[in-house]
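# A look at the structure
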Amino acid sequence: MNFAKPNSQFVEVGSRSPYPKQRLNTDSLKAISSVPCLQARVFSMTACIFKSKNHNTDQDSLQEEEDEIDEALIDELFQQQIPTGIGEEDHHRIFIVHPDVKWGSKKQYLTTAALQMDEAVGLVNTLQNWTVIDKIILSTKTPEKKKIFGKGNFQTLTEKIRATAGVTAVFVNVERLSPSSEKELQEAWGVKVLDRYSLVLHIFRCNARTKEAKLQISLAEIPLLRSRLRNEVENLDQQGGGSRYIMGSGETLYEVQQRLLKERELKIRSALERLRRKRHLLRSQRKHKDFPIVSVMGYTNCGKTTLIKALTGDAGLQPKDQLFATLDVTVHAGQLPSHMTVLYVDTIGFLSQLPHQLIDSFSATLDDVAHSDLIIHVRDISHPETVNQKVNVLNVLKNLQIPERLFNTIIEVHNKIDLIEGYQTSDPEVISISALKQHGLDVLKEKIEDAVVRSTGKQTMTLVVQLNSPQLAWLYKETTVQAVDDVGDDCTANVKVIISQAAYGRYRKLFQVT
């Protein structure tokens, strides 16, 4: 690619697109950079393309590039996509507005407005240096309208927000605001307006540490960026500049930005697909080693990580009392009473009223759940919204198309019983525990063992083993050995094992056992 000289009026962008080479004059380039939702970073993209053109492109290096996902590329994609107005300051002073819907499809029947407000406050407090300076619950019969509230309530709300000193953003506790609604509210209140989708995405962004988490968050931000792009271009249109064709390109400003955003989305999906293949390979290796996989799921901050730490004794796990502390799937080995080794999978927590795009973006992570042998559903039984939280978790699991046999064998665990004096459940299938105090864990382990044996088709067998052969060592490596009884002077022993059909077939073939 040829770059324009510093004093030239033109630069080139987007050589990898299906369009002809394009030339943007410097005025148009400034226009692209001025659109907040993309901050197009044309120079950064072209520099990246220029760099790749000059690399050695022999077959080996191409294969290496295919196999290894560049950390720098992921960080660039992650940093380029910060949605406008979120995270641009180190702190925010938030005014929370909760629309209390009185009837219709958007009314919440399993909770109350006060409890929903408590969760909204918890979301804001999750972020460092963000504080709630005021909050209000306001009834509405028209949640679908741009301003959400009726004329009188909206006027009262606007006066209250404008009279509150130091407000830097308003959090409207709804699933998703339309771009036009967001624009109108920002103009009325004079500050940034957030919904649950944008706020939770920002929490995710602050907690992202791994390649996979960063990529999945970047993908989840695409719809937000795309809707804001349309909004910004509409503003430019009103100024007479949004639909103007870029000189020599045959594309409008909006089309150029849409294409840049689409190219970025394709890069993210490609990198995620490579990570998905790697995860599939790791999953296959675990299956080959015959370790049962137990996925631990639940509403955010219900105690999943604390439970896994209690079950495995993994000192490396550091549970946090905050929402969305876990964004990545992590796997931890633990032993059941029979000495069988199982792998516990710690997963991302769920939250009510989140658009399906957010869950879809984390489908690569949640793939592990569908391939597990057992699911444990952890509930914070001390939480006032525990019933509503259960419904939300089960709805997400259904949307993930979890196999029916897996869905029907979920073990429900009531956690944090130490916070409720004398707690007892009326459901005999439910296990009540305190993961923090380690109460009830022995009963839970026995329940897990019984369910795992049934779901994996493992069976308990007593095998006669030649002690002067490698048989016993093989059984210790490939099965769960429960007991070894020496039967006499003929160098044999009765070995009680828990073994899968596949492992038993390999044992018979290897040692020619009939």
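Residues numbered from 1 in each chain as written. Predicted model: local features only at pLDDT ≥ 70, side-chain atom pairs only at ≥ 80, totals over all residues. Heavy atoms only, no water.

As recorded in an unreviewed UniProt entry, the chain goes by the name Putative GTP-binding protein 6, listed as coming from Triplophysa rosa.

The sheet contact formed by strand β3 (residues 92–101) and strand β4 (residues 130–140) spans 10 bridges and is parallel. Bridge pairing in β4 places His92 opposite Trp130. With helix α5 (residues 113–126) bridging β3 and its parallel neighbour β4, the resulting β-α-β unit is right-handed. (Pairing = 2+ DSSP bridges. Helix = DSSP H or I, 4+ residues; strand = E, 2+ residues; numbered from the N terminus. Right-handed = clockwise from strand over helix to strand, strands pointing away.)

Overall, parallel pairing links the four strands, which are arranged β4-β3-β5-β6 in an open sheet. Both outer strands of the open sheet, β4 and β6 (192–194), are each paired with one neighbouring strand and no more. The mean inter-strand angle of the sheet, taken between neighbouring strand axes irrespective of direction, is 25 degrees. Bridge count for strand β5 (residues 169–172) against β6 is three bridges, and the pairing is parallel. Bridged to Val170 within β6 is Val193. In the packing of helix α8 (residues 196–207) onto the sheet, contacts are made with β4, β5 and β6, and the angle to β5 comes to roughly 110 degrees. (Axes fitted to C-alpha atoms, helices over the stretch in contact; angles between N-to-C directions. Contact = heavy atoms within 4.5 Å.)

All right, on to the packing of aromatic side chains then. The full count for this structure, using the stated rule, is four aromatic pairs. Here Trp474 and Tyr507 contribute two aromatic rings whose centre-to-centre distance is 5.7 Å and whose plane-to-plane angle is 40 degrees, an arrangement assigned as tilted. Taken as a pair, Trp474 in helix α17 (residues 471–478) and Tyr507 in helix α18 (residues 501–511) lie far apart in primary sequence, 33 residues in all. There is no split in this pair, since Trp474 and Tyr507 are both buried. Consider the rings of Trp474 and Phe511, whose centres lie 6.2 Å apart with planes at 80 degrees: the pair is edge-to-face. Within this pair, whereas Trp474 is found in helix α17, its partner Phe511 is found in helix α18, the two being separated by 37 residues in sequence. (Phe/Tyr/Trp six-rings, centres within 6.5 Å; stacked < 30°, edge-to-face > 60°. Buried < 20%, exposed > 50% of the residue type's maximum accessible area, 1.4 Å probe, protein only.)

For the rest of this paragraph, the subject is the nonpolar core. Ile96, Phe171 and Leu199 are the most contacted members of the largest nonpolar core, which totals 36 residues. Counting residues per element, the ones that place at least two in this core are β3, α5, β5, α8, α9 (211–238), α13 (363–370) and α14 (386–399). It is α8 that provides the largest number of residues to this core, a total of six residues. Excluding residues that lie within four positions of it along the chain, Phe171 makes contacts with Ile94, Phe95, Ile96, Val97, Ala120, Leu123, Val124, Leu194, Asp195, Arg196 and Leu199. Val296, Ile376, Ile411 and Val413 belong to the second largest nonpolar core, which has 26 residues in total. (Core = buried A, V, L, I, M, F, W, Y, C linked by side-chain atoms within 4.5 Å.)

Another point: the pattern of salt bridges. Should their charged atoms come close, side chains of opposite charge can pair. A complete count under the given rule lists 16 salt bridges for this structure. In this structure, Glu412 engages Arg379 in a salt bridge whose closest nitrogen and oxygen atoms are separated by 2.7 Å. With a gap of 33 residues between them, Glu412 in strand β11 (residues 411–415) and Arg379 in strand β10 (residues 374–380) connect regions that are remote in the sequence. Residue Glu412 shares its accessibility class with Arg379, and that shared class is buried. We note a salt bridge from Lys447 to Glu429, for which the minimum N-O separation is 2.9 Å. Residue Lys447 is found in helix α16 (residues 441–456), and its partner Glu429 is found in the loop between β11 and β12 (431–432); the two are separated by 18 residues along the sequence. Through salt bridges with shared partners, a single ionic network connects Arg226, Lys262, Glu265 and Arg269. (Salt bridge = Lys/Arg side-chain N within 4 Å of Asp/Glu carboxyl O.)

Tracing the chain through its elements places Thr111 in the loop between β3 and α5. Using a relative accessible area of 12% as the deciding quantity, one classes Thr111 as buried. For Thr111, the contacting residues outside a window of four places in its chain are Gln116, Glu385 and Asn388.

Strand order in the open sheet formed by three strands is β13-β15-β14, with antiparallel pairing between adjacent strands. Unpaired on one side and paired on the other, β13 (459–466) and β14 (480–486) mark the two borders of the sheet. For this sheet, the mean angle separating the axes of adjacent strands, direction not counted, is 20 degrees. As paired elements, β14 and strand β15 (residues 492–499) share six bridges and run antiparallel to each other. Of the residues in β15, the one forming a bridge with Asp486 is Ala493. Against the sheet, α18 engages β13 and β15, with an angle of about 15 degrees to β13.

Quick look at the packing of helix α6 (residues 151–163) against helix α7 (residues 179–189) now. Put simply, α6 and α7 touch, their axes get as near as 9 Å, and they point 55 degrees apart. Considered as vectors, α6 and α7 are oriented oblique to each other. Where α6 abuts α7, its residues Phe154, Leu157, Thr158, Ile161 and Arg162 lie against Leu185, Glu187, Ala188 and Trp189. Among the residues forming the contact of α6 with α7, the class breakdown is six nonpolar, one polar and two charged. (Parallel < 35°, antiparallel > 145°, perpendicular 65-115°, else oblique. Nonpolar A, V, L, I, M, F, W, Y, C, P; charged D, E, K, R; others polar.)

A separate point is the environment of Val101. When you line up the elements, Val101 lands in strand β3. You can call Val101 buried: its relative accessible area is 10%. The sequence separation of Val101 and Leu138 amounts to 37 residues, and the corresponding C-alpha distance is 8.6 Å. In contact with Val101, other than residues within four places in its own chain, are Lys106, Lys107, Thr140 and Pro143.

Two elements in contact, helix α11 (residues 304–312) and α16, have axes whose closest approach is 11 Å; the angle formed by their N-to-C orientations is 85 degrees. By the criterion of interaxial angle, the relationship of α11 to α16 is roughly perpendicular. Every residue of α16 that contacts α11 at Leu307, Ala310 and Leu311 is listed here: Leu441, Leu444, Lys445 and Ile448. Here the residues of the contact of α11 with α16 sort into six nonpolar, no polar and one charged.

Over its 14 residues, α14 runs 20 Å from end to end, which matches the ideal 20 Å to within 8%, given 1.5 Å per residue. The set of residues buried in α14 consists of Thr386, Asn388, Gln389, Asn392, Val393, Val396 and Leu397. Directly beyond the C-terminal end of α14, a positive phi value near 55 degrees is found at Gln401. (Expected span 1.5 Å × (residues − 1).)

Before going further, it helps to examine a nonpolar patch on the surface. Taken together, the side chains of Tyr109, Leu110, Val387 and Val391 make up a nonpolar region of the molecular surface, amounting to roughly 400 Å² of accessible area. Relative to the helices and strands, Val387 is located in helix α14. (Patch = residues over 30% accessible without salt bridge, like charges linked within 9 Å, V, L, I, M, F, W, Y side chains within 5 Å. Areas by Shrake-Rupley, 256 points an atom, 1.4 Å probe, with all protein chains shown as cover.)

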